[in-house]
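Coordinates in review
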Amino acid sequence: MHVIVIGGGIAGLAAAHRLRTSGARVTVLEASHHFGGKLLSGEVAGARIDLGAESMLAVRPEGTALAEAVGLGEALRPPAVAAASVWTGGGLRPMPGGHVMGVPGTPGALAGLLSEAGTARVAEEAGLPPLELGEDAAIGEVVAGRMGREVVDKLVEPLLGGVYAGDAHRLSMRSTVPALFDAARSEKSLLAAVREVQRRAPGRAPGQAVFTGVEGGLGALAEAVAASCRAAGATLESGVAVTALRRTSQGWTVTSEDGRERAADGVVVAVPAGPAARLLAAEVPAAARELAGIEYASMALVTLAFDRGFLERDLGSLPGGSGFLVPAVEGRTVKAATFSSGKWGWVAERAPGLFLLRASIGRYGDRTALEWTDEELVRAALADLRDAIGPVGEPVDSAVTRWIDGLPQYAVGHHARVERVRRAVEGVPGLRVCGAAYEGVGIPACVADAGRAAGGLLATLPHSSPEEAGE
């Protein structure tokens, strides 16, 4: 049987890997000239570094299992340091522990980050009437109503901004922090719900980090999965934009921009929601309408390389910790900064004379900064960095990577929307969808969704064997 995977990001590659491993003939069609989507590594000042996603959850197994399956198990590297800060009130303040996506489990750790009144408000939350969440709610509204606006502004929003570049007062609690949502429906307070989530969290081996990276950058993971697929006989074609899908009596016809038609028994659509909606409009209009309603945020990453000796001289010491988050209420251009040479041991080892860091710019609903030139983005990042950590000099090199419409927004009701999409798609033989638009933007979530799509497709295609269906 022949399956065409549309989209060569990590979800599409993972789906192709699962399909090929199960014996299907696979073709991956990617519109750009790069496989891996937001997994992209490059060089700045001659040093290899991630220009897209830099880490993945290690406590969830799907991402690390895929890395091991394609020969990168020995290349997985935890962060050298994990301590992060919040830039607020004119200074960098340690990110408190014991929270779930910024929602605290105890008020004690908030001193110095929140005002006395804000900390007192959190302490009083346990005495409020029990939560009533219904089927979904905006996490910012729930937390602000229970613990006060300060917790949202200084903790929840910066963390959600780092993951989704989104607005906490629009994002779904059920979809962005499902474990906390579930616990909050049974516990009497948010404080108790956070502690319950932590109690239920799967145990970690001593010293096991929550996150992991890959030596040489996460781009190496996409490259390795693509290479593994090719080695197993899959066909991977880049620069092929798919413009139409059509059901036939034999299966599917996939039409590309150059007019070429390719026949397939099954199709996995692994592209963002907007392109997926356009592809599905003719054959699955109900799913297309739902997907068209998913909004996206854009962002830019400004990667800077400094002479390590000069930077240490200018600042008195090198920046400590893994980096910092910037609440939107601070009115800054930069929303987060990562000290790559401090966070990742392999970066420091490979470029001992440099100190590399990167700044993230861009929030949902505001594309102003994304329209600036690369030089303007670099200047804006440097201005904020100088205010945050001190008088850094000029970088020896820089790179700007734009991710336009790169982050799906899980608005309130997203979970129900995804269920409607899946019902509509799964009612059509030989078709599945997967990717960051559905049930998680992280790498393990995308890999899991890809496995679900591939397994479901194999189970429904005619002549598929129990091995192909994963049974």
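Provided above is the structure to which this section pertains.
Okay, so let's go over this structure. Quantities reported herein were computed from a predicted structural model and do not represent experimental measurements.

Some points on the environment of Leu301
Position of Leu301 relative to the elements: it lies in strand E17 (residues 296-307). Given a relative accessible area of 7%, Leu301 falls into the buried group. It is 6.4 Å that separates the C-alpha atoms of Leu301 and Ile361, two residues lying 60 residues apart in sequence. If we ignore the near neighbours within four places in the chain, the residues touching Leu301 are Leu51, Gly52, Arg358, Ala359, Ser360, Ala399, Val400, Thr401 and Trp403.

Some remarks on a nonpolar patch on the surface
Taken together, the side chains of Leu57, Val59 and Phe211 make up a nonpolar region of the molecular surface, amounting to roughly 210 Å² of accessible area. Its place among the elements puts Val59 in the loop between strand E5 (56-57) and helix H2 (61-69). Residue class for Val59 comes out partly exposed when judged on its relative accessible area of 33%.

Topic: the packing of aromatic side chains
Tallied over the full model, the rule gives four aromatic pairs. Where Trp87 meets Phe324, the ring centres are 5.9 Å apart and the plane angle is 80°; that geometry is what we call edge-to-face. Of this pair, Trp87 sits in strand E7 (residues 84-88) while Phe324 sits in strand E18 (residues 323-325), and the two are 237 residues apart along the sequence. You'll find Trp87 and Phe324 in the same group, each marked buried. When the centroid spacing of 5.4 Å and the interplanar angle of 55° are considered together, the rings of Tyr164 and Tyr410 count as tilted. Remark: Tyr410 occurs in the loop between strand E21 (397-408) and helix H16 (414-426) and Tyr164 occurs in helix H5 (residues 149-164); sequence separation between them is 246 residues. Across the pair, exposure class does not vary: Tyr164 and Tyr410 are buried alike. Within the aromatic cluster, the residues linked to one another by ring pairs are Trp87, Phe324, Phe339 and Phe355.

Here's the deal with the pairing of strand E3 (residues 41-44)
Pairing geometry for E3 and strand E4 (residues 47-50), over four bridges, is antiparallel. Across the sheet, Gly42 pairs through a bridge with Ile49, a residue of E4.

Overview of the sheet that holds strand E13 (residues 242-248)
The strand order across the open sheet formed by three strands is E13-E14-E15, and the pairing between neighbours is antiparallel. The open sheet is flanked by E13 and strand E15 (261-264), the only strands paired with a single partner. Strand-to-strand twist across the sheet, computed as the mean angle between neighbouring axes with direction ignored, equals 20°. Where strand E14 (residues 251-256) lies against E15, four bridges are found, and the strand directions are antiparallel. Across the sheet, residue Trp252 finds its bridge partner in E15, namely Ala264.

Structural notes on the environment of Arg386
Tracing the backbone shows Arg386 in helix H15 (residues 374-389). Overall, the relative accessible area of 30% leaves Arg386 in the partly exposed class. Measuring from C-alpha to C-alpha, the distance between Arg386 and Leu315 comes to 9.8 Å, with 71 residues separating the pair along the chain. In this structure Arg386 touches Pro391, Val392, Gly393 and Glu394, once residues within four positions along its chain are discounted. There is a polar contact of 2.9 Å between the side chain of Arg386 and the backbone oxygen of Val392.

What about the pairing of strand E20 (residues 354-361)?
The element E20 is largely enclosed, with a buried count of eight among its eight residues. Alternating positions in E20 separate into two faces, Leu354, Leu356, Arg358 and Ser360 on one and Phe355, Leu357, Ala359 and Ile361 on the other, with burial throughout. Of the pairings in the sheet, the one linking E17 to E20 comprises eight bridges and is antiparallel in character. What sits directly across from Thr303, in E20, is Arg358. The pairing of strand E19 (residues 334-338) with E20 spans four bridges and is antiparallel. Residue pairing for E20: Ala336 is matched across the bridge by Ser360.

Remarks on the sheet that holds strand E6 (residues 76-77)
Spatially, three strands are ordered E5-E11-E6 in an open sheet, and the strand pairing comes out antiparallel. Where the open sheet ends on each side, the last strands, each with one partner, are E5 and E6. Relative to strand E11 (residues 211-214), E5 is paired through two bridges, and the arrangement is antiparallel. If you follow Leu57 over to E11, its bridge partner there is Phe211.

Concerning the packing of helix H11 (residues 285-292) against H16
Taken N-terminus to C-terminus, the directions of H11 and H16 make an angle of 155°; their axes are 8 Å apart at the nearest point. Here H11 is positioned roughly antiparallel relative to H16, judged by the angle of their axes. The way H11 lies across H16 gives a crossing that is left-handed. Contacts between H11 and H16 involve Ala286, Ala287, Glu290 and Leu291 from the former and Arg417, Arg420, Val421, Ala424 and Val425 from the latter. Counted by class, the contact of H11 with H16 contains six nonpolar, no polar and three charged residues.

Parameters and conventions
Residues numbered from 1 in each chain as written. Predicted model: local features only at pLDDT ≥ 70, side-chain atom pairs only at ≥ 80, totals over all residues. Heavy atoms only, no water. Helix = DSSP H or I, 4+ residues; strand = E, 2+ residues; numbered from the N terminus. Buried < 20%, exposed > 50% of the residue type's maximum accessible area, 1.4 Å probe, protein only. Contact = heavy atoms within 4.5 Å. Patch = residues over 30% accessible without salt bridge, like charges linked within 9 Å, V, L, I, M, F, W, Y side chains within 5 Å. Areas by Shrake-Rupley, 256 points an atom, 1.4 Å probe, with all protein chains shown as cover. Salt bridge = Lys/Arg side-chain N within 4 Å of Asp/Glu carboxyl O. Phe/Tyr/Trp six-rings, centres within 6.5 Å; stacked < 30°, edge-to-face > 60°. Pairing = 2+ DSSP bridges. Axes fitted to C-alpha atoms, helices over the stretch in contact; angles between N-to-C directions. Polar contact = N/O pair within 3.5 Å; in protein donor to acceptor, adjacent residues only side chain to side chain. Parallel < 35°, antiparallel > 145°, perpendicular 65-115°, else oblique. Left-handed = near helix turned anticlockwise from the far one by under 90°. Nonpolar A, V, L, I, M, F, W, Y, C, P; charged D, E, K, R; others polar.

Everything listed here is a matter of geometry and, on its own, says nothing about what the molecule does.
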